[in-house]
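# Commentary on secondary and tertiary structure
Take a look at the letters that make up each chain.
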Amino acid sequence: MALIDLHCHLDLHEDPFATADEAAAAGMYVLSVTTTPSAFKGTRRLERPGSRIRTALGLHPELAESRRRELPLFRSLICETAYVGEVGLDGSRAHRGSLKVQTEVLSEILSICAEAGGRVISLHSRGAAAALLDLLEAEPRAGRSVLHWFSATPSLVDRASRLGCWFSVGSQMLGSRTGRSAFEAMPAHRILPETDGPFGTVAGRPARPTDVTAAYDMIGQFLGQDRDAVVAMMTRNLRTLLPSQPVVTPEAAA
Ligand code: MN
């Protein structure tokens, strides 16, 4: 059984093709998220033939204000992928000022997902967890939400679980006190590993998808399970999460 990295930015690595090749050679499942709709087509070229690298269509909340004009492009590309991300809200000091625009952008993205029949969505929520859950609750047909690096309070984790959310967790999150207590509130059958590389780091350098082993080890340590058991559990979780039918459209096939 192969390793899974459910949230990484392949296109932002120093050598995206070498990083993608390494993950493909390891047989990994990788969800390669993007930060702007205009990056989608180029990033999809990193899906090495025969690999299990999948590209998500994104519009990062930190770029919502400067890139909201790309929403029509987002809408036109939705039929080409089963995956959306990175999208979400960021309420940290540096980005709080654009929360109104971020909210409008995310609402529109969720309604585009709903109209398209639902997507697997990788969501950012730093400093805005409750507001994010409000938006997800308002659009239940958007699809399956995976909350990435969700270090919110246990009661918000609980609320997210009741809404049906999934959680992708990395070694840095699990190494922090708040991250650990959030993890403890997450249902084990809705957890998946991630690196968030190259922003996520391992031993002080940008994490490559193969570095996701650090997340597996910490999950195993916290759940009292060995690597094989964690690998089996994550594989089971991924099979439950992913859509059973691939999205194939005339445009994607052309
Ligand atoms: Mn990210």
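Residues numbered from 1 in each chain as written. Predicted model: local features only at pLDDT ≥ 70, side-chain atom pairs only at ≥ 80, totals over all residues. Heavy atoms only, no water.

### Looking at helix H10 (residues 213-223)
Along H10, the positions that sit buried rather than exposed are Ala215, Tyr216, Met218, Ile219, Gly220 and Phe222. On its buried side, H10 packs onto strand E1 (4-8), strand E7 (166-169), helix H8 (171-174), helix H9 (177-185), strand E8 (191-193) and helix H11 (227-241). Just downstream of H10, Gly224 is the residue with a positive phi angle, here 70 degrees. (Buried < 20%, exposed > 50% of the residue type's maximum accessible area, 1.4 Å probe, protein only. Helix = DSSP H or I, 4+ residues; strand = E, 2+ residues; numbered from the N terminus. Contact = heavy atoms within 4.5 Å.)

### Some words on unusual backbone geometry
Between Gly85 and Glu86 the backbone carries a cis peptide bond, its omega angle lying at 5 degrees. At the junction of Gly197 and Pro198, the peptide bond is cis and its omega measures out at 0 degrees in the coordinates. For Pro198, the location among the structural elements is in the loop between E8 and strand E9 (201-202). In this structure, Asp196 is a non-glycine residue whose phi angle is positive, near 55 degrees. With respect to the secondary-structure elements, Asp196 resides in the loop between E8 and E9.

### A short note on the packing of aromatic side chains
To describe a pair of aromatic rings, you give the distance between the ring centres and the angle between the ring planes. Taken as a whole and judged by the stated rule, the model has two aromatic pairs. A ring pair is formed by Phe150 and Phe167, whose centres lie 6.0 Å apart and whose planes are at 45 degrees; its orientation type is tilted. Pair noted here: Phe150 is in the loop between strand E6 (143-148) and helix H7 (154-162) and Phe167 is in strand E7, with a separation of 17 residues, a long-range link. Taken as a pair, Phe150 and Phe167 share a single burial class, namely buried. Consider the rings of Phe183 and Phe222, whose centres lie 5.7 Å apart with planes at 55 degrees: the pair is tilted. Here the residue Phe183 occupies a position in helix H9, and Phe222 occupies one in helix H10, the gap between them amounting to 39 residues. (Phe/Tyr/Trp six-rings, centres within 6.5 Å; stacked < 30°, edge-to-face > 60°.)

### What about the coordination of the manganese ion?
In this structure, His7 (NE2), His9 (NE2), Glu86 (OE) and Asp196 (OD) serve as the protein donors to the manganese ion, at separations of 2.2 to 2.3 Å. Sequence positions of the residues that donate to the manganese ion give the spacing H-x1-H-x76-E-x109-D. On the criterion of sequence distance, the pair formed by His9 in the loop between E1 and helix H1 (16-25) and Asp196 in the loop between E8 and E9 is long-range, its members being 187 residues apart. The same class applies to His9 and to Asp196, which are both buried. (Donors = N, O, S within 2.8 Å, 3.2 Å for Na, K, Ca; no water.)

### A look at helix H5 (residues 99-115)
In this model H5 runs 24 Å from its N-terminal to its C-terminal C-alpha over 17 residues, within 8% of the 24 Å that 1.5 Å per residue would give. Within H5 the residues assigned to the buried category are Val101, Gln102, Val105, Leu106, Ile109, Leu110, Ile112, Cys113 and Ala114. On its buried face, H5 is in contact with helix H3 (64-67), helix H4 (71-77), strand E4 (83-88), strand E5 (119-124) and helix H6 (129-138). Directly after H5, the chain includes Gly117, whose backbone phi takes a positive value near 100 degrees. (Expected span 1.5 Å × (residues − 1).)

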